[in-house]
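Chain by chain, the residues:
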Amino acid sequence: MSTLSAGDNQASESTTGGVELKVQEGIPKYVFLAAASTSLLVMALIMIFLFREGLAIFGKVNAVSFFFGKAWYPTYDPPEFGILALIVGSISVTLFSSLVAIPLGVGTALYLSVLAGPTVREYVKAAVELLASLPSVVLGFLGMVVIAPAMQEILDIPTGLNIVSASIVLAIMAIPTITSISEDALYAVPRDNLEASYALGATRWETMSRILVPGALSGIGTAVILGMSRAMGETMVVLMVAGGAAQIPSSLFDSVRPMPASIAAEMGEAPFGGEHYHALFAIGIVLFLMTLVFNLVVTYISARFQQKGASTL
Amino acid sequence: MISFEMGSAAGPSCLPREFWYPVTLLSLPGWPGRGRLSCLVSFCLELLDCLKAGLSCGSVNHIWGWGTKDDVEDAMEKYMNKFTDIGTLIILSLVIAVFSLCPSSAGAGERISITGSTTALPVAQRLAEVYMEKYPEINISVAGTGSGDGIRAIIDGSADIGTSSRDMKGKEVALALEKGIKPVKQVIALDCIVPVVSLDNPVTDLKVEQLRMIYNGKIKNWQNVGGHDKQIVAVSRDSSSGTFEVWQEKILNKDKVRPDAQLQASNGAVAQAVAGNKYAIGYLGIGYLNSNLKALKVNGVTASFETTRTKVYHIYRELLVFTRDEPTGPVKAFLDFVNSPKGRKIVREEGFVAIN
């Protein structure tokens, strides 16, 4: 396949000379430059749109009362646009879901790459990948119809639609991301290092904890942050399972209203071009900046802790 | 991956042959030695390979550690691979786009588009289905994203009929007039809103004042309204929904809904959140009542089609349709059908209260 086409190209290079080669190289270059610019352009347009629509709210509401106001009553007269409760809602479900997802995700990756036999590995890996392909609305439905009522019944708490149940569902969604990226990172650790460790008489546990995990730390860090970023931006699950109460939670069993849920639930009814509409876009900006920070952290981690040696991540 | 015998593809020689592969596939009667169908099948298989290759190349490879070492061994080869794969993808997607346009331009008959209130969605859908069965030449598309969207669609002309569970706001009327549109309103049904609790809850009747105090947070325990000593979980609709607006107007009366009220995005979600939770109270359209929920009387009046129509039960709202102007042609015919006895029967079957 590829060897054939590459050889074909090299042959034509030697026989037909420079001019044709230049054309051959030039046209594709611009075609794909255009293709690559499309995503850049779309990104830029989205950002311009987001910021233009969102920043308009600050002409009517001051920034401090927007970010630190506790009352979210966008449709009342006069309206109140305080998104602190929404931010706290998003952060609480993201943090709690990472608490669940990180040990499970990284643990699965370690098991798969170190301990599992080939058959088990194949099945578990397939299962994890299948988990990743489940639509979020299906998981949200599961959380709403199965997890929440069961939790409410068993613990006898006022409501099952709360931080814990939303976090559990979000964790289920984040696990495949964390597992597959961590596993790739673990595989990228040079076999030489592991073999050297075994040759020096280290046990499997010692090799795993002192050579393998430190060597893959940047990749695992990346995995965790990407998993958290997924949980932060997830909309359907929090819309269905988090309860939707715009309050600052006082316990893990309180309902919250994370930012994406608020945008999704209210955008359809917000009068076009009104304050509420702009406020929802401003929430979008906050969400965008938060995930941007996550991405910057990922870039920083992979640049700063890049593993030196035979193989780099 | 793309592979073929040399010399089998046609096309100007200034571009690599791979570039013309999909084009020749369509222009030639058949691949030499193979039928056209098998060509397409193998092409699809190759496309899958291309997708896989696309995933494992590029910067993702460096950040996430995907792909194998072999991928980077031969830079030239990789370049050619990517080149071929992406070129194929682009051209194929163009071809698909062209093909997918064909049936829509060939479609015949009148089209009516309806968009707006999620509350009106099931009834609008059913009305459209029955109408299309009767008049197959009419094509009706129905969408439900919210009353605001229905009104917006009328103003910007993206739909013929906008459904809404609230009247137009002053701003929206001004915007419509600015664009030279005179929206026309029609009532198609009454949506009666009923407070509900779970079947385990002993409470059967609440006064409007009690409902107000439950929803503004003054009453926090079921004991205060004749129930068990349990905390009240108030389930409400999103503050921008039409259902909430009715509740606000008829029950809360300017008070703010308590901040710990669970705001659900749909009637179905409210039903789900209340059924089986003995702490909860919610409210929803009479059409969404089911055997897992207990409807409460309000001021001693049971909500029913009859009590709503006679206005004895007063927590209801009108479901409206808006058109850009006085309806004409197929739109008018459809709206006439909605107001016919048959249309009213459908409205009733969907759980709304038909107007007389």
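Cut-off values and rules
- Residues numbered from 1 in each chain as written.
- Chains lettered and ligands numbered in written order.
- Predicted model: local features only at pLDDT ≥ 70, side-chain atom pairs only at ≥ 80, totals over all residues.
- Helix = DSSP H or I, 4+ residues; strand = E, 2+ residues; numbered from the N terminus.
- Contact = placed C-beta atoms within 7 Å.
- Buried ≥ 20, exposed ≤ 12 C-beta atoms within 10 Å, placed from the backbone.
- Axes fitted to C-alpha atoms, helices over the stretch in contact; angles between N-to-C directions.
- Left-handed = near helix turned anticlockwise from the far one by under 90°.
- Nonpolar A, V, L, I, M, F, W, Y, C, P; charged D, E, K, R; others polar.
- Parallel < 35°, antiparallel > 145°, perpendicular 65-115°, else oblique.
- Bend = angle between axes of the 7 residues up to and from the residue.
- pLDDT = per-residue confidence, 0-100.
- Pairing = 2+ DSSP bridges.
- Core = buried A, V, L, I, M, F, W, Y, C linked by C-beta atoms within 7 Å.
- Arc of directions from axis to C-beta.

1. Considering the overall build of chain B
Per the secondary structure count, chain B includes 14 helices and 12 strands. In chain B, of all internal contacts separated by at least 6 residues, the share reaching a separation of at least 24 is 70%.

2. Let's talk about the overall build of chain A
Counting its regular elements, chain A contains 13 helices and two strands. Residues classed as buried in chain A amount to 41% of the 313 residues present.

3. Considering the packing of helix H4 (residues 84-115) of chain A against helix H7 (residues 163-188) of chain A
Residues and elements named next belong to chain A. At a minimum axis distance of 6 Å, the contact between H4 and H7 shows a crossing angle of 35°. Crossing geometry of H4 relative to H7 is assigned as right-handed. Grouping the constituent residues of the contact of H4 with H7 by class yields 21 nonpolar, eight polar and one charged.

4. A word on the packing of helix H10 (residues 217-233) of chain A against helix H13 (residues 275-304) of chain A
Residues and elements named next belong to chain A. Where H10 contacts H13, the axes come no closer than 9 Å and their chain directions differ by 175°. The orientation of H10 relative to H13 falls into the category roughly antiparallel. For the pair formed by H10 and H13, the contact residues are Ser-218, Gly-221, Thr-222, Ile-225, Leu-226, Met-228, Ser-229, Met-232 and Gly-233 on the first element and Leu-287, Met-290, Thr-291, Phe-294, Val-297, Val-298, Ile-301 and Ser-302 on the second.

5. Observations regarding helix H6 (residues 136-155) of chain A
Helix geometry: H6(A) is bent most strongly at Gly143(A), by close to 35°. In this fold, the buried residues of H6(A) make contact with H7 and helix H11 (236-241) of chain A together with helix H11 (267-274) of chain B. Two residues or fewer past H6(A), Asp156(A) is found with a positive phi of approximately 50°.

6. With respect to the environment of Ala174(A)
Residue and element names in this part refer to chain A. Positionally, Ala-174 belongs in helix H7. Ala-174 sits 76 residues away from Ser-98 along the chain, and the two C-alpha atoms are 8.0 Å apart. In this structure, Ala-174 is in contact with Ser-97, Ala-101, Gly-105, Gly-227, Arg-230 and Ala-231, ignoring residues within four places of it in sequence.

7. With respect to the confidence of the model for chain B
All names here are of chain B. Residues of chain B with pLDDT of at least 70 account for 69%, and the chain-wide mean is 75. For residues 1-41, every residue scores under 50 in pLDDT, and the model assigns this stretch 51 contacts once sequence neighbours within four places are set aside. In this model residues 99-108 is a low-confidence stretch, pLDDT under 50, and it forms zero contacts with partners more than four residues away in sequence or in other chains. Among the scores for the predicted complex, ipTM is 0.73 and pTM is 0.67.

8. Overview of unusual backbone geometry
All names here are of chain B. Phi is positive for Lys-254, which is not a glycine, with a value near 80°. Along the chain, the position of Lys-254 falls in the loop between helix H10 (242-252) and strand S7 (262-264). Overall, the presence of 9 C-beta atoms within 10 Å leaves Lys-254 in the exposed class.

9. Things to note about the pairing of strand S4 (residues 184-198) of chain B
All names here are of chain B. Across eight bridges, S4 lies against strand S11 (residues 316-323) in antiparallel orientation. Paired with Gln-186 across the strands is Val-321, a residue of S11. Strand direction decides the pairing type here: S4 and strand S12 (residues 353-354), joined by two bridges, are antiparallel. Each bridged residue has a counterpart across the sheet, and for Leu-190 the counterpart in S12 is Val-353. Sheet topology places S4 next to strand S8 (residues 280-285); five bridges connect them, and they run antiparallel. Within S8, the residue paired with Pro-195 across the bridge is Tyr-283. As defined by bridge partners, S4 adjoins strand S9 (residues 293-295) across three bridges and the pair is classed as antiparallel. Among the inter-strand pairings, Val-196 is bridged to a residue of S9, identified as Ala-295.

10. A word on the environment of Leu131(A)
Position of Leu131(A) relative to the elements: it lies in helix H5 (residues 118-133). Setting aside chain neighbours within four positions, we find Leu131(A) in contact with Ile172(A), Ile175(A) and Pro176(A).

11. Brief notes about the nonpolar core
With 143 residues, the main nonpolar core has Val169(A), Val237(A), Val241(A) and Val274(B) as its most contacted residues. If you tally residues by element for this core, the top one is H7(A), at 15 residues.

12. Focus: the confidence of the model for chain A
All names here are of chain A. Mean pLDDT over chain A: 87, with 91% of residues reaching 70 or higher. H4 holds the highest mean pLDDT among the elements of chain A, 94, whereas helix H1 (residues 2-16) holds the lowest, 46. Within the model, pLDDT remains below 50 along residues 1-14, and this stretch shows 19 contacts once partners closer than five positions in the same chain are excluded.

13. A closer look at helix H13 (residues 329-339) of chain B
All names here are of chain B. Taken together, the buried positions of H13 are occupied by Val-331, Phe-334, Leu-335 and Val-338. Within H13, the buried residues cover an arc of 95° as seen down the axis, which keeps them to one side. In H13, the exposed positions angled more than 90 degrees off the buried face are occupied by Gly-329, Lys-332 and Asp-336. Residues of H13 that are buried sit in contact with strand S1 (110-116), helix H6 (121-134), strand S3 (161-164), S4, S11 and helix H14 (341-349).

14. Overview of the environment of Ala280(B)
All names here are of chain B. Among the structural elements, Ala-280 can be located in strand S8. For Ala-280, a count of 25 C-beta atoms within 10 Å translates into the label buried. Each C-alpha atom, one on Ala-280 and one on Val-235, is 6.7 Å from the other, the two residues being 45 residues apart in sequence. Ala-280 has contacts with Val-197, Ser-198, Val-233, Val-235, Ala-273 and Val-274, leaving out every residue within four places of it along the chain.

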